[in-house]
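Observations on the three-dimensional arrangement
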Amino acid sequence: MSAESASDIPKGQVDLLDFIDWSGVECLNQSSSHSLPNALKQGYREDAGLNLESDADEQLLIYIPFNQVVKLHSFAIKGPEEEGPKTVKFFSNKEHMCFSNVNDFPPSDTAELTEENLKGKPVILKYVKFQNVRSLTIFIEDNQSGSELTKVQKIALYGSTVETTDMKGLKKIEDH
């Protein structure tokens, strides 16, 4: 479990940090010296001096696979008042997205972050659209000031796991 204060996590939900498949996590347009683990990994994301920063322009495209199916309820993204994210689009179970095709798909949900959100207030997602999530793509389209640099101090995803049957563990029953 993460070191979040209980009041930050919406009632009945857990921080999904422990269910991220770290080997498949990707971020396009991140600064090499200010990369995604600064905002996503336990310990790093609590350090106000560490950020995820965009590189060539203000946009960031983040891919987060999970090691089991989850239900995504809400998220919190912390960032500075000026360079913090503004328009954030979420895509459930869409793999291999890039900046050239991100607008070809309708997002599962879109959020316009406020100053209050950037201080860590969770945003509730359209829960019905995030019931069987194997991966999540987060497209940070712009920032609060319209500048070329976006900074993210913390990304937290809240939800629950889905109890599923391990199909690999099942054995075929032979007809007699």
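What counts and what doesn't
Residues numbered from 1 in each chain as written. Predicted model: local features only at pLDDT ≥ 70, side-chain atom pairs only at ≥ 80, totals over all residues. Heavy atoms only, no water. UniProt positions renumbered as here; feature names shortened; annotations may be inferred. 1 Å grid on protein atoms, 1.4 Å probe; cavity = no way out; pocket = protein on both sides within 12 Å on 5 of 7 lines; lining within 4 Å. Points joined across faces, edges and corners; volume = space filled by probe spheres on them. Helix = DSSP H or I, 4+ residues; strand = E, 2+ residues; numbered from the N terminus. Nonpolar A, V, L, I, M, F, W, Y, C, P; charged D, E, K, R; others polar. Buried < 20%, exposed > 50% of the residue type's maximum accessible area, 1.4 Å probe, protein only. Pairing = 2+ DSSP bridges. Polar contact = N/O pair within 3.5 Å; in protein donor to acceptor, adjacent residues only side chain to side chain. Contact = heavy atoms within 4.5 Å. Salt bridge = Lys/Arg side-chain N within 4 Å of Asp/Glu carboxyl O. Core = buried A, V, L, I, M, F, W, Y, C linked by side-chain atoms within 4.5 Å.

The protein chain appears in an unreviewed UniProt entry as PITH domain-containing protein from Eruca vesicaria subsp. sativa. Looking at the protein chain in UniProt, the text filed under Sequence similarities (unreviewed entry) is "Belongs to the PITHD1 family."

Approximately 160 Å³ is the volume found for the largest pocket. If you trace the largest pocket, you find it lined by Gly24, Glu26, Leu28, Leu61, Ile62, Tyr63, Glu95, His96, Met97 and Thr137. Of all the secondary-structure elements, those providing two or more residues to the lining of the largest pocket are strand S2 (26–28) and strand S4 (60–78). Of the residues in the lining of the largest pocket, the class split is five nonpolar, three polar and two charged.

A few words now on unusual backbone geometry. Within the chain, Asn29 stands out as a residue other than glycine whose phi angle is a positive 70 degrees. Summarising the element assignment, Asn29 is placed in the loop between S2 and helix H1 (37–40). Even without being a glycine, Asn93 presents a positive backbone phi close to 60 degrees. By the secondary structure assignment, Asn93 is in the loop between strand S5 (87–92) and strand S6 (109–112).

Attention shifts here to the pairing of strand S10 (residues 154–161). Among the eight residues of S10, six are classified as buried, and the element is accordingly described as predominantly covered. Bridge count for strand S1 (residues 14–15) against S10 is two bridges, and the pairing is antiparallel. Opposite Val14, over in S10, you have Gly159 as the bridge partner. The sheet contact formed by S4 and S10 spans eight bridges and is antiparallel.

Exposure remark for Asn29: the relative accessible area of 18% places this residue in the buried category. Within the structure, Asn29 has its side chain in polar contact with the side chain of Asp57 (distance 3.0 Å). Setting aside anything within four residues of it in sequence, one finds Asn29 in contact with Glu53, Ser54, Asp55, Ala56, Asp57, Gln59, Leu60 and Phe99.

By the definition in use, this model includes six salt bridges. Residues Glu46 and Arg45 are paired through a salt bridge, measuring 3.1 Å at the closest nitrogen-oxygen approach. You can call Arg45 buried: its relative accessible area is 4%. In this structure, Lys126 and Asp109 form a salt bridge, with 3.9 Å as the shortest nitrogen-oxygen distance. Of this pair, Lys126 sits in the loop between strand S7 (123–124) and strand S8 (133–140) while Asp109 is found in strand S6, placing the two residues 17 residues apart along the sequence. Here the salt bridges do not stand alone but share partners, grouping Asp15, Arg45 and Glu46 into one network.

With respect to the secondary-structure elements, Pro37 resides in helix H1. In this structure Pro37 comes out as partly exposed when scored by relative accessible area, which is 33%. Each C-alpha atom, one on Pro37 and one on Ile155, is 9.7 Å from the other, the two residues being 118 residues apart in sequence.

Right, let's talk about the nonpolar core for a bit. If you look at the biggest cluster of nonpolar residues, it comprises 31 residues, and the most contacted ones within it are Ile62, Phe66, Phe75, Ile138, Ile155 and Leu157. For this core, the element with the most residues is S4, which contributes eight residues. Setting aside residues up to four positions removed in sequence, Ile155 forms contacts with Leu36, Ala39, Leu40, Arg45, Ile62, Ala76, Ile77 and Ile138.

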